[in-house]
Amino acid sequence: MDGTGGTDGETERAARARRLAAWHGAERTLARGPAEVRIAERLAALTTALTADTASYDGDGWVDIYGGGIVEELERRVAELLGMEAAAFFPTGTMAQQVALRSWAGRTGSPVVALHPLAHLDMHERDAYLTVSGLRAVRPTSEPRPPTAEEIRGLDEPFGTLALELPLRDAGFVLPEWDELVAAVAAARERDAVVHFDGARLWECTAHFGRELPEIAALADSVYVSFYKSLGGLSGAALAGPETLVTEARAWRHRYGGQLFQQWPVALAALDGLDRELPRLPSYVAHARVVAEALRTAFTAAGVGWSRVHPEVPHTHQFQVWLPYPAAVLDEAGVRLAEETRTVLFRRWREPGPPGLAMTELTVASSALEWTADDVTAAANAFLDRARELMAVRELTDGDG
């Protein structure tokens, strides 16, 4: 490694350590990120989960060996919650998705999957369905929203599986309306296709749809859910569906290297999330709407030239915030706010669009419930003050240069 690379690496490590220290030391935050928890704190939380009055598992039980015991309990709970015949635990959602799609391809005789180009399968799994499973994608739409029934019917070639991400994260955690989802599934059936839900965040969709989890899951032939994206688990996922599919999935899980020797810490954290976080998610979704409205009002009152909260009314407890500043400026403004006021409003920003226009994803969780709209407004104004100060310094420096 040359001197420049080494210096850049050290600079980034120092910046990350500073960010984590600022976030960890905050007294007020909308959500606690998983990266800012120390190992000892996470271990203590798992110990507490074993002794909680609400715990539905026995800490005196034996650890699992290759998926027995507590892992089987987790699989049973997930299948029951989703109203499915069976469920299989997977160490990663990517593995669960690939196993589901290749299993359906074998059963339908078609390697073609209809999916959105912004879906997790395309955006965050390094083309695994193509390079590992030998599948191929067709696109019902490229619009930043779920595909419609008409678009699914209008695909000009056959497909064996329709994969729907609920919510569609990279479009802004957006969901269709219930009637639209029912119609999209029906359109796939008309094309003799099966339906797979990428439901990593399906847990928090009940408020938007006005339906319980079993009714939502019943629309699909298989459903993947995550244990850490909404439930605060360590990692892991489950694939739920018919008993025959799940039995096949377990065989593929072994072939893919997912038959881990022991998984009890992950299973314990997942079960704790089902007990502790799952019942709270509707309250998070409701409060996300309060936070989103307060942010939009604050940005307008502050005269921010171009800002956006998307969707305006969040569909889940997560949504996008866009501001007309470089991502690096907003990152620094957020760290300074945390260091100086012990308040965290936003975390990392990126620029997926034009330069100078940055976006962050905001999560509203238990720690946000004590925030009033006025609290959000005050934090937003303090954040914008720091962003503007940093921009003024940057413009002065650029002018001097």
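A brief look at the structure comes next.

About the cut-offs
Residues numbered from 1 in each chain as written. Predicted model: local features only at pLDDT ≥ 70, side-chain atom pairs only at ≥ 80, totals over all residues. Heavy atoms only, no water. Phe/Tyr/Trp six-rings, centres within 6.5 Å; stacked < 30°, edge-to-face > 60°. Helix = DSSP H or I, 4+ residues; strand = E, 2+ residues; numbered from the N terminus. Buried < 20%, exposed > 50% of the residue type's maximum accessible area, 1.4 Å probe, protein only. Lys NZ or Arg CZ within 6 Å of the ring centre and 35° of its normal. Pairing = 2+ DSSP bridges. Axes fitted to C-alpha atoms, helices over the stretch in contact; angles between N-to-C directions. Contact = heavy atoms within 4.5 Å. 1 Å grid on protein atoms, 1.4 Å probe; cavity = no way out; pocket = protein on both sides within 12 Å on 5 of 7 lines; lining within 4 Å. Points joined across faces, edges and corners; volume = space filled by probe spheres on them.

## A short note on the packing of aromatic side chains
Here is step 1: Taken as a whole and judged by the stated rule, the model has 7 aromatic pairs.
Here is step 2: Measuring from ring centre to ring centre gives 5.3 Å for Tyr66 and Phe261, while their planes differ by 75 degrees; the resulting arrangement is edge-to-face. Remark: Phe261 occurs in the loop between helix H11 (243-255) and helix H12 (264-276) and Tyr66 occurs in the loop between helix H2 (39-51) and helix H3 (70-82); sequence separation between them is 195 residues.
Here is step 3: Note on Phe261: relative accessible area 46%, which makes it partly exposed.
Here is step 4: Taking 6.1 Å as the distance between ring centres and 10 degrees as the angle between the ring planes, the aromatic pair formed by Phe89 and Phe227 counts as stacked. With Phe89 in strand S2 (residues 86-90) and Phe227 in the loop between strand S7 (222-226) and strand S8 (237-241), this residue pair connects regions lying 138 residues apart in the sequence. Taken individually, Phe89 and Phe227 each receive the classification buried, so the pair is uniform in this respect.
Here is step 5: Stacked on the ring of Trp252, the Lys or Arg Arg255 has its end atom at 4.6 Å from the ring centre.

## A short note on the sheet that holds strand S5 (residues 161-165)
Here is step 1: Taken in spatial order, the 7 strands of this open sheet run S2-S8-S7-S6-S5-S3-S4, and their pairing is mixed. Across the chains shown, the open sheet's two edge strands, defined by having one partner strand only, are S2 and strand S4 (136-138). The average undirected angle you get between the axes of adjacent strands in this sheet is 25 degrees.
Here is step 2: Strand direction decides the pairing type here: S7 and S8, joined by 4 bridges, are antiparallel. By the bridge assignment for S8, Ser226 is matched with Ala237.
Here is step 3: The sheet strands contacting H3 are S2, S7 and S8, and the helix crosses S2 at an angle near 130 degrees.
Here is step 4: Its contacts with the sheet place H11 against S2, S7 and S8, and it is angled at close to 20 degrees to S2.

## With respect to the layout of surface pockets
The gaps of empty space that remain are located by a probe, the size of a water molecule, rolled over the atoms.
Here is step 1: What the second largest pocket holds in volume is close to 230 Å³.
Here is step 2: Lining the second largest pocket are 16 residues; nearest its centre among them are Pro144, Asp170, Ala171, Gln320 and Trp322.
Here is step 3: Elements represented by at least two residues in the lining of the second largest pocket include exactly strand S9 (308-310) and strand S10 (318-323).

Fair warning: the whole summary comes from geometry, so function is off the table for now.
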